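Residues per chain are reported as follows:
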Amino acid sequence: MSTSPTGGTPGEVHGTPPPVRPTVVTPEITHAECRKCGTRVAGLDGRYACGVCGWTNDWSEGHRPLPRAEDDPDFPGPGVVPENPLAD
């Protein structure tokens, strides 16, 4: 392993390690056959909706748990009711 002019390894600043980036889980595109009409459908993480007949599978059949409201960066906080922009 080589060292940088600052004495650390390449990519480090003055001997400090680079910041650790958080792991981001992205949804996986999955494919299945519509249980109602047989059309091939695509979905995210095993959740499907058929555009031909309107069939949808239950949310609980997905491959991963759904994110919590608190995981949304726009979540206003517990007990806060967001204003409806379409109310007027």
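Our subject in this report is the structure included herewith. This structure is a prediction, so every number in the text was calculated from the model and none was measured.

### Side note on the overall build of the protein chain
Line of reasoning, step 1. Each helix and strand counted, the protein chain has zero helices and two strands in total.
Line of reasoning, step 2. Put simply, the protein chain has 88 residues, and 19% of those count as buried.
Line of reasoning, step 3. A separation threshold of at least 6 residues defines the contact pool for the protein chain, and within that pool the share at least 24 residues apart is 8%.
Line of reasoning, step 4. Working note: accessible area of the protein chain is about 7500 Å², and carbon and sulfur atoms make up 57% of it.

### A few points about the nonpolar core
Line of reasoning, step 1. Counting residues in hydrophobic clusters, the biggest one holds six residues: Ala32, Cys34, Val41, Tyr48, Cys50 and Trp55.
Line of reasoning, step 2. Filtering out sequence-adjacent residues up to four positions away, Tyr48 remains in contact with Thr30, His31, Ala32, Val41, Ala42, Gly43, Trp55, Thr56 and Asn57.

### What about the environment of Asp45?
Line of reasoning, step 1. Mapped onto the elements of the fold, Asp45 is located in the segment after β2 (40–44).
Line of reasoning, step 2. You can call Asp45 buried: its relative accessible area is 9%.
Line of reasoning, step 3. Contacts of Asp45, omitting those with residues within four sequence positions, involve Pro27, Glu28, Thr30, Gly62, His63 and Arg64.

### A closer look at the layout of surface pockets
Line of reasoning, step 1. Reported here for the largest pocket is a volume of approximately 210 Å³.
Line of reasoning, step 2. Together, Val25, Thr26, Pro27, Leu44, Asp45, Arg47, Arg64, Pro65, Leu66, Pro67 and Asp71 line the largest pocket.
Line of reasoning, step 3. Of the residues belonging to the lining of the largest pocket, the class tally is six nonpolar, one polar and four charged.

### Some words on the state of the cysteines
By definition, a disulfide links two cysteine residues through a covalent bond between their sulfur atoms.
Line of reasoning, step 1. Here the structure, examined in full by the defined rule, presents zero disulfides.
Line of reasoning, step 2. As a non-bridged cysteine, Cys37 has Cys50 as the owner of its nearest cysteine sulfur, 3.8 Å distant.
Line of reasoning, step 3. On the accessibility criterion, Cys37 (38% relative accessible area) is partly exposed.
Line of reasoning, step 4. In this structure Cys50 comes out as buried when scored by relative accessible area, which is 6%.

### Quick look at the pairing of strand β1 (residues 29–33)
The side chains of a regular strand alternate, first on one face of the sheet and then on the other.
Line of reasoning, step 1. Judged by which residues are buried, β1 turns out to be one-sided: Thr30 and Ala32 face inward and are buried, whereas Ile29, His31 and Glu33, on the alternate face, are not.
Line of reasoning, step 2. Of the strand pairs in this sheet, β1 and β2 are connected by five bridges, and their pairing is antiparallel. From the neighbouring strand, Thr30 faces β2, where its bridge partner is Gly43.
Line of reasoning, step 3. Two successive antiparallel strands, β1 and β2, enclose a turn made up of six residues, where Gly38 displays a positive phi of approximately 85 degrees.

### As for the side chain of Arg47
Line of reasoning, step 1. Mapped onto the elements, Arg47 comes out in the segment after β2.
Line of reasoning, step 2. Despite its burial, Arg47 remains without a salt bridge, the nearest opposite charge being carried by Asp45 at 5.0 Å.
Line of reasoning, step 3. Of the polar contacts made by the side chain of Arg47, one reaches the backbone oxygen of Arg64; its length is 2.8 Å.
Line of reasoning, step 4. If sequence neighbours within four positions are ignored, Arg47 has contacts with Asn57, Trp59, Gly62, Arg64, Pro65 and Leu66.

Rules used throughout
- Residues numbered from 1 in each chain as written.
- Predicted model: local features only at pLDDT ≥ 70, side-chain atom pairs only at ≥ 80, totals over all residues.
- Heavy atoms only, no water.
- Helix = DSSP H or I, 4+ residues; strand = E, 2+ residues; numbered from the N terminus.
- Buried < 20%, exposed > 50% of the residue type's maximum accessible area, 1.4 Å probe, protein only.
- Contact = heavy atoms within 4.5 Å.
- Areas by Shrake-Rupley, 256 points an atom, 1.4 Å probe, with all protein chains shown as cover.
- Core = buried A, V, L, I, M, F, W, Y, C linked by side-chain atoms within 4.5 Å.
- 1 Å grid on protein atoms, 1.4 Å probe; cavity = no way out; pocket = protein on both sides within 12 Å on 5 of 7 lines; lining within 4 Å.
- Points joined across faces, edges and corners; volume = space filled by probe spheres on them.
- Nonpolar A, V, L, I, M, F, W, Y, C, P; charged D, E, K, R; others polar.
- Disulfide = S-S within 2.5 Å.
- Pairing = 2+ DSSP bridges.
- Lys, Arg positive; Asp, Glu negative; His and termini not counted.
- Salt bridge = Lys/Arg side-chain N within 4 Å of Asp/Glu carboxyl O.
- Polar contact = N/O pair within 3.5 Å; in protein donor to acceptor, adjacent residues only side chain to side chain.

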